[in-house]
Amino acid sequence: MMRFKAVLAAALLWCSAAAQAHNFHVGLTEISFNPRTGSTEVVHTYTAHDVEALLMNLYQRQFDLGLEEDQAVFRRYLEKQFRISVNGKPVALQWVGMQANADSINVFQEIEKTALPPGAVLRDGVLTDFLPQQVNNVNVSGPGRPAASIVFNRDRREQPLP
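Residues numbered from 1 in each chain as written. Predicted model: local features only at pLDDT ≥ 70, side-chain atom pairs only at ≥ 80, totals over all residues. Heavy atoms only, no water.

Caption draft 1: Here's a closer look at the nonpolar core. Core analysis: the largest hydrophobic core is formed by 33 residues, its most contacted members being Ile-31, Phe-74, Phe-82 and Ile-84. Not counting residues up to four positions away in its chain, the partners in contact with Ile-84 are Ile-31, Lys-89, Pro-90, Val-91, Leu-93, Ile-111, Leu-116, Ala-120, Val-121 and Leu-122. (Core = buried A, V, L, I, M, F, W, Y, C linked by side-chain atoms within 4.5 Å. Buried < 20%, exposed > 50% of the residue type's maximum accessible area, 1.4 Å probe, protein only. Contact = heavy atoms within 4.5 Å.)

Here is the structure:
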């Protein structure tokens, strides 16, 4: 009985730590120029659980992000929440694809045959409308542009890119 209580206590402690580990909600976006293709590549990574909870909250149903029709729903959301503009005009971000697994969602976009223009402004509100603690870190690099890291959150959704 004493051994059972010790195992139970250890299991409860582990579960508590696992639950606490997800109190921090973060997204990561890498924006970089690919000299081989001449395109600017944008790669987003989000926690799968956060994306699934967002979609469940918005549509009151389960989503399987391995299915194209469910990916299309997240795509529409992401395209509203993540935009690059220059002089107030949106820059065309082409959807390349998406990969989903139990832990993370990876989204691939690109600005075809173009380096990220100077004076670009980024709006990144992905998940910040749903999770007050959401922090999105965007790393930017490219020709004639110093590598930089910019943080977006609920209070800071739009910023000029260096």
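Caption draft 2: Fine view of the sheet that holds strand 2 (residues 39–47). A sheet is described by the order of its strands in space; here six strands give the open sequence 5-6-2-1-8-9, paired in mixed fashion. Among the strands making up the open sheet, the edge pair consists of strand 5 (94–100) and strand 9 (145–153). Each strand axis lies, on average, 15 degrees off the axis of its neighbour in the sheet, ignoring direction. Where strand 8 (residues 135–142) and strand 9 come together, seven bridges link them in antiparallel fashion. Looking at strand 9, one finds that Val-140 is bridged to Ala-148. (Pairing = 2+ DSSP bridges. Helix = DSSP H or I, 4+ residues; strand = E, 2+ residues; numbered from the N terminus. Axes fitted to C-alpha atoms, helices over the stretch in contact; angles between N-to-C directions.)

Caption draft 3: Examining the environment of Gly-38 more closely. Mapped onto the elements, Gly-38 comes out in the loop between strand 1 (26–34) and strand 2. Put simply, Gly-38 and Glu-112 are 74 residues apart on the chain and 7.4 Å apart in space, counted from C-alpha to C-alpha. Residues within four places of Gly-38 in sequence aside, it is in contact with Phe-33, Lys-113, Thr-114 and Ala-115.

Caption draft 4: Quick look at unusual backbone geometry. With a phi close to 50 degrees, Gln-60 is a non-glycine residue in the positive phi region. Mapped onto the secondary structure, Gln-60 falls in the loop between helix 2 (48–59) and helix 3 (68–81). Given the relative accessible area of 60%, Gln-60 is considered exposed.

Caption draft 5: Representation of the sheet that holds strand 7 (residues 120–124). Here four strands make up an open sheet; going across it, the order is 4-3-7-10 and the pairing antiparallel. Among the strands making up the open sheet, the edge pair consists of strand 4 (89–90) and strand 10 (158–160). As defined by bridge partners, strand 7 adjoins strand 10 across three bridges and the pair is classed as antiparallel. Along strand 10, the bridge assignment pairs Arg-123 with Glu-158.

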